[in-house]
Amino acid sequence: VNKTLSEKRWLASGPENEAFEKEFAEYIGVGHAVTCNSGSGANLLSLTALRKKPGMKVMSGAAGFPATVGPILHLRFKPVLIDYRLETHNLDTLEALDKISEVDAAIVAHSLGNPVDILPLKTFVPVIEDCCEAVGSKLNGMYVGSFGTVGTFSFYPAHQMTCEGTGGMIVTNNEQLAKECRSLRDWGKVWDWDTKLGDNTTTYNSTVDGIKYFKHYTYDNIGYNMKLSETACAFGRVQLRKLDRIRERRIKNYNYLLDKLEPLDIFHLVMPQDGSEPSWFGFPLTLKKS
């Protein structure tokens, strides 16, 4: 018998969470999705999971929302900042390629929903594809978030979809990275039970230094508490079903504004990347020099 959400017993990381992760991964076209508290949290968890060495250098854009640079500084890594292109408001990939040999990883945002081609960068370093402003955007027929080593999303109220005003998501095709992100999200709990703890069907068979531990209270990371509630996940599942309609409306609004403002010839208007279908987050106006 199907129960309403109010009749269910779970409050956090239960069946609604699992269903939301599965549906979101299928929508983006990736193998794994991990819910978390926010897009900022998704960036922090992803960069922590990608850690290669202390003090590593991480590339990001010099202009954008601070949630891309913040995790680099939180983890005491060294930011390498790249200028942006005025016509796209995205990171200049040519300048980025010139400096790619200097860095160990990159966080690249699809600013304002406008996709940027990250594939040339991914050839050289792991790339966190920050899709927080671009839920539902496509490039070459594929959803953003499916190109990077890891993709991150935000469900803040101002974005294309929300989970009761909160929420974030991490997506990847790397199963081990997904397990690492879940571990870091859940205080550092071991998620790879089969590999690290043996047969996980027995309650107290996990042994560390001769002491048996319950699998749910075995930790191998210094993590965070960035879970998403069941009600937020249920809300997100409904929003996800509306996302295509939301994207169409945002594209219509963008085209309306472009049609009215382009003839004025006083603004640098943001134009979409070739081959892209942006799910627009905003419509920035930058005045030309008089």
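Please read all numbers here as calculations on a predicted model, not as lab measurements. (Residues numbered from 1 in each chain as written. Predicted model: local features only at pLDDT ≥ 70, side-chain atom pairs only at ≥ 80, totals over all residues. Heavy atoms only, no water.)

## Description of the environment of Asp-92
The condition is simple: Secondary structure is summarised from DSSP: a helix means a run of H or I of at least four residues, a strand means a run of E of at least two, and numbering begins at the N terminus for each. Any two residues having at least one pair of non-hydrogen atoms within 4.5 Å are treated as being in contact. Here a polar contact means two N or O atoms within 3.5 Å. Within protein one must be a hydrogen donor candidate and the other an acceptor candidate, and residues neighboring in sequence count only if both atoms are side-chain atoms.
Within the secondary structure layout, Asp-92 lies in the loop between strand S5 (90-91) and helix H4 (93-99). For Asp-92 and Ala-62, which are 30 residues apart along the polypeptide, the C-alpha to C-alpha distance reads 9.9 Å. Setting aside residues no more than four positions away along its own chain, Asp-92 makes contact with Ile-82, Asp-83, Tyr-84 and Arg-85. In this structure the side chain of Asp-92 is engaged in a polar contact, spanning 3.0 Å, whose partner is the backbone nitrogen of Leu-94.

## Considering the layout of surface pockets
Stated precisely, the cut-off is as follows: Both cavities and pockets are sets of points on a 1 Å grid over the protein atoms alone; in a cavity a 1.4 Å probe fits but cannot get out, in a pocket the set is open with protein on both sides within 12 Å along at least five of seven lines, and lining residues sit with an atom within 4 Å of a point. Grid points are joined across faces, edges and corners, and a volume is the space filled by probe spheres set on the points. Only Asp, Glu, Lys and Arg are considered charged, only Ala, Val, Leu, Ile, Met, Phe, Trp, Tyr, Cys and Pro nonpolar, and every remaining residue, Gly among them, polar.
Reported here for the largest pocket is a volume of approximately 540 Å³. Lining of the largest pocket is provided by 32 residues; of these, Gly-64, Phe-65, Thr-68, Ala-109 and Glu-133 occupy positions nearest its centre. Counting residues per element, the ones that place at least two in the lining of the largest pocket are helix H2 (39-49), strand S2 (57-61), S5 and strand S6 (105-109). Residue composition of the lining of the largest pocket, by class: 16 nonpolar, 14 polar and two charged. The space that makes up the second largest pocket amounts to roughly 320 Å³. For the second largest pocket, the lining is made up of 16 residues, of which Ser-13, Asp-186, Lys-189, Trp-191 and Lys-227 are closest to its centre. Mapped by element, the contributors of at least two residues to the lining of the second largest pocket are helix H1 (15-28) and helix H6 (175-185).

## A closer look at the nonpolar core
As a reminder, the rule being used: Residues belong to one nonpolar core when they are buried, are Ala, Val, Leu, Ile, Met, Phe, Trp, Tyr or Cys, and are joined through side-chain atoms within 4.5 Å. Each residue is assigned to one of three classes by its accessible area relative to the maximum for its type, calculated with a 1.4 Å probe on protein chains only: buried under 20%, partly exposed between the two thresholds, exposed over 50%.
Formed by 23 residues in total, the largest nonpolar core has its most connected members in Phe-20, Phe-24, Phe-153, Phe-155, Met-161 and Met-169. Counting only elements with at least two residues in this core, the list comes to H1, strand S11 (168-172) and helix H8 (230-261). Per element, the largest residue contribution to this core is five residues, and it comes from H1. Within the second largest apolar cluster, 22 residues are counted, among which are Leu-47, Val-150, Ile-170 and Leu-184.

## Overview of H8
Because an α-helix packs 3.6 residues into every turn, residues spaced three or four apart end up facing the same way. What counts here: A helix's residues, less one, multiplied by 1.5 Å, set its expected span. Bend is the name given here to the angle between axes fitted to two runs of seven residues, the run ending at a residue and the run starting at it.
Look at H8: 43 Å from first C-alpha to last across 32 residues, which is about the 46 Å you get at 1.5 Å a residue. In the structure, H8 departs most strongly from a straight axis at Lys-242, where the bend amounts to approximately 50°.

## Considering the pattern of salt bridges
What counts is decided by this rule: The term salt bridge refers to a side-chain nitrogen of Lys or Arg lying within 4 Å of a carboxyl oxygen of Asp or Glu.
Counting across every chain of the model gives 14 salt bridges. As a salt-bridge pair, Lys-179 and Glu-175 come within 3.5 Å of each other at their nearest N and O atoms. Taken as a pair, Lys-179 and Glu-175 lie in helix H6 at a separation of four residues, close to a single helical turn. With relative accessibility at 45%, the residue Glu-175 sits in the partly exposed group. Between Lys-288 and Asp-265 there is a salt bridge, with its nearest N and O atoms 2.6 Å apart. Residue Lys-288 is located in the segment after strand S16 (285-287), and its partner Asp-265 is located in the loop between H8 and strand S14 (267-269); the two are separated by 23 residues in the primary sequence. Using a relative accessible area of 34% as the deciding quantity, one classes Lys-288 as partly exposed. Connected through salt bridges with shared partners, the residues Glu-21, Arg-182, Arg-185, Asp-186 and Lys-227 form a single ionic network.

## Let's talk about the sheet that holds strand S9 (residues 142-143)
How we decide: Between any two strands, at least two bridges found by DSSP are needed for them to pair.
Across the sheet, three strands lie side by side as S9-S8-S15; this open sheet has antiparallel pairing. Looking along the sheet, the strands with just one partner apiece sit at the ends: S9 and strand S15 (276-277). Two elements, strand S8 (residues 138-139) and S15, share two bridges in a ladder whose sense is antiparallel. Residue pairing in the sheet places Lys-138 in a bridge with Glu-277 of S15.

## So, the sheet that holds S6
This is how it is decided: The convention used is that axes are lines fitted to C-alpha atoms, helices contributing only their stretch in contact, and that angles between N-to-C directions extend from 0 to 180 degrees.
If you walk across this open sheet you meet the seven strands as S1-S11-S10-S7-S6-S2-S3, and the pairing is mixed. Lying at the two open borders of the sheet, with one neighbouring strand each, are strand S1 (32-36) and strand S3 (78-82). Between one strand and the next, the sheet's axes are offset by a mean angle of 20°, whatever the strand orientation. Packed onto the sheet, H1 meets S1, strand S10 (150-154) and S11 and runs at close to 130° relative to S1. Sheet strands touched by H2: S1, S2, S6, strand S7 (127-130), S10 and S11. Its angle to S10, the strand with the most contacts, is close to 160°.

## A closer look at the packing of H2 against H6
Our working rule: Angle categories: roughly parallel below 35 degrees, roughly antiparallel above 145, roughly perpendicular from 65 to 115, and oblique for all the rest. Should the near helix be turned anticlockwise from the far one by less than a right angle, the crossing is left-handed, and should it be turned clockwise, the crossing is right-handed.
Look at H2 against H6: their axes get within 9 Å of each other, and the N-to-C directions meet at 120°. By the angle between their directions, the pair H2 and H6 is classed as oblique. Both H2 and H6 take part in a crossing whose hand is right-handed. Residues Leu-45, Ser-46, Thr-48 and Ala-49 of H2 pack against Leu-177, Glu-180, Cys-181, Leu-184 and Arg-185 of H6. The class makeup of the residues in the contact of H2 with H6 is five nonpolar, two polar and two charged.

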